[in-house]
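Descriptive analysis of the structure
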Amino acid sequence: MSISRRDLLAVRLTDRPAPIRPPWTREADMARCTGCAACTEACPAGIVRMEAGLPQIAFAGAECSFCGACAEACSAPVFDLARPAFAHLAAVTEGCLPQDGVACMACADICPEAAIRLRPRIGGPALPDLSPSLCTGCGACLSVCPVEALTIHPLEPAHA
């Protein structure tokens, strides 16, 4: 079976994960965003970036400290501080170094909520175990993972 270049590109573009929006916002809120970028300028961690005229989070180099600067800077009714900050959690995926027998504690060491604990095991390094009830979705673990084995996934509707 062969696939055309056009079909290959279409598959790649549609398989992109949904963007992670700033804390206390949801995708539906973005319709009210003016695209002024005040939230990006206010973020002290520099994780709020404009992409296609809308703010999104890039956890590549830092985490969200939930300081609220982005919400304070926004003049549009986009942020709702009464709801949970993020509608996602971190998740450990295949490719995690301890799963392959290499000792690594980066995610557990950096997690400000101690949501990632290392579960000892016989014959290999301790495995990370993420507690969904403690995870705030701040992204601290994503920025330090040397093999990008942590991802973000949406909360279940009952927890959102």
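Small disclaimer: the values here were computed from a predicted structure and weren't measured.

1. Brief notes about the overall build of the protein chain
Of the regular secondary structure elements, the protein chain holds five helices and six strands. Reading the secondary structure of the protein chain in the N-to-C direction produces α-α-β-β-α-β-α-β-β-α-β. A total of 160 residues make up the protein chain; the buried ones form 34% of that total. Within the protein chain, contacts between residues at least 6 apart in sequence are counted, and of these 65% link residues at least 24 apart.

2. Some thoughts on the nonpolar core
Looking at soluble globular proteins, one finds that nonpolar side chains tend to be buried together. Counting residues in each nonpolar core, the largest one holds 17 residues, and the members touching the most others are Trp-24, Ile-47, Val-48, Ile-57, Phe-59, Phe-79 and Phe-86. If we ignore the near neighbours within four places in the chain, the residues touching Ile-47 are Gln-56, Ile-57, Ala-58, Phe-59, Ala-62, Glu-63 and Cys-64. Of all hydrophobic cores here, the second largest spans 15 residues; its members include Cys-111, Leu-130, Cys-145 and Leu-155.

3. Things to note about the pairing of strand 2 (residues 54–57)
Strand residues, when the strand is regular, have side chains that alternate between the two faces of the sheet. The side-chain alternation of strand 2 yields one buried face, formed by Pro-55 and Ile-57, and one unburied face, formed by Leu-54 and Gln-56. In this sheet, strand 2 lies alongside strand 1 (residues 48–51) in antiparallel orientation, the contact comprising four bridges. What sits directly across from Val-48, in strand 2, is Ile-57. Count of turn residues in the strand 1/strand 2 antiparallel hairpin: two residues, of which Ala-52 carries a positive phi of about 55°.

4. Some thoughts on the pattern of salt bridges
Scanning all chains against the criterion turns up three salt bridges. In this structure, Asp-29 and Arg-32 form a salt bridge, with 2.9 Å as the shortest nitrogen-oxygen distance. The residue Asp-29 makes a salt bridge to Arg-83 at a minimum N-O spacing of 2.4 Å. Here Arg-83 lies in the loop between helix 3 (69–73) and strand 3 (88–92) and Asp-29 lies in the loop between helix 1 (5–14) and helix 2 (38–42), a separation of 54 residues in the sequence. On the basis of relative accessibility, which here comes to 6%, the residue Asp-29 falls in the buried class. By sharing partners, the salt bridges in this structure join Asp-29, Arg-32 and Arg-83 into a single network.

5. Digging into the side chain of His-88
Its place among the elements puts His-88 in strand 3. The exposure class of His-88 is buried, given its relative accessible area of 7%.

6. Here we look at the packing of aromatic side chains
The geometry of two aromatic rings is summed up by the distance between their centres and the angle between their planes. One pass over the full model with this rule turns up three aromatic pairs. Pairwise contacts between aromatic rings join Trp-24, Phe-59, Phe-66 and Phe-86 into one cluster.

7. Side note on the side chain of Thr-25
Take Thr-25: it is sitting in the loop between helix 1 and helix 2. There is a polar contact of 2.6 Å between the side chain of Thr-25 and the backbone oxygen of Pro-22. The contacts of Thr-25, once residues within four sequence positions are left out, are Met-30, Val-78, Phe-79, Arg-83 and Ala-85.

8. Remarks on the pairing of strand 5 (residues 124–130)
In this structure, strand 4 (residues 116–121) lies alongside strand 5, joined through five bridges in antiparallel fashion. Within the sheet, the bridge partner assigned to Ile-116 lies in strand 5 and is Leu-130.

9. What to know about the environment of Gly-61
Tracing the chain through its elements places Gly-61 in the loop between strand 2 and helix 3. Residue class for Gly-61 comes out exposed when judged on its relative accessible area of 68%. Along the primary structure Gly-61 and Gly-46 are separated by 15 residues, whereas in three dimensions their C-alpha atoms are 8.6 Å apart.

10. So, the environment of Glu-72
Take Glu-72: it is sitting in helix 3. Residue Glu-72 is classed as exposed on the basis of its relative accessible area, which comes to 67%. Between the C-alpha atom of Glu-72 and that of Ala-42, which follows or precedes it by 30 residues, the distance is 8.4 Å.

Rules behind the numbers
- Residues numbered from 1 in each chain as written.
- Predicted model: local features only at pLDDT ≥ 70, side-chain atom pairs only at ≥ 80, totals over all residues.
- Heavy atoms only, no water.
- Helix = DSSP H or I, 4+ residues; strand = E, 2+ residues; numbered from the N terminus.
- Buried < 20%, exposed > 50% of the residue type's maximum accessible area, 1.4 Å probe, protein only.
- Contact = heavy atoms within 4.5 Å.
- Core = buried A, V, L, I, M, F, W, Y, C linked by side-chain atoms within 4.5 Å.
- Pairing = 2+ DSSP bridges.
- Salt bridge = Lys/Arg side-chain N within 4 Å of Asp/Glu carboxyl O.
- Phe/Tyr/Trp six-rings, centres within 6.5 Å; stacked < 30°, edge-to-face > 60°.
- Polar contact = N/O pair within 3.5 Å; in protein donor to acceptor, adjacent residues only side chain to side chain.

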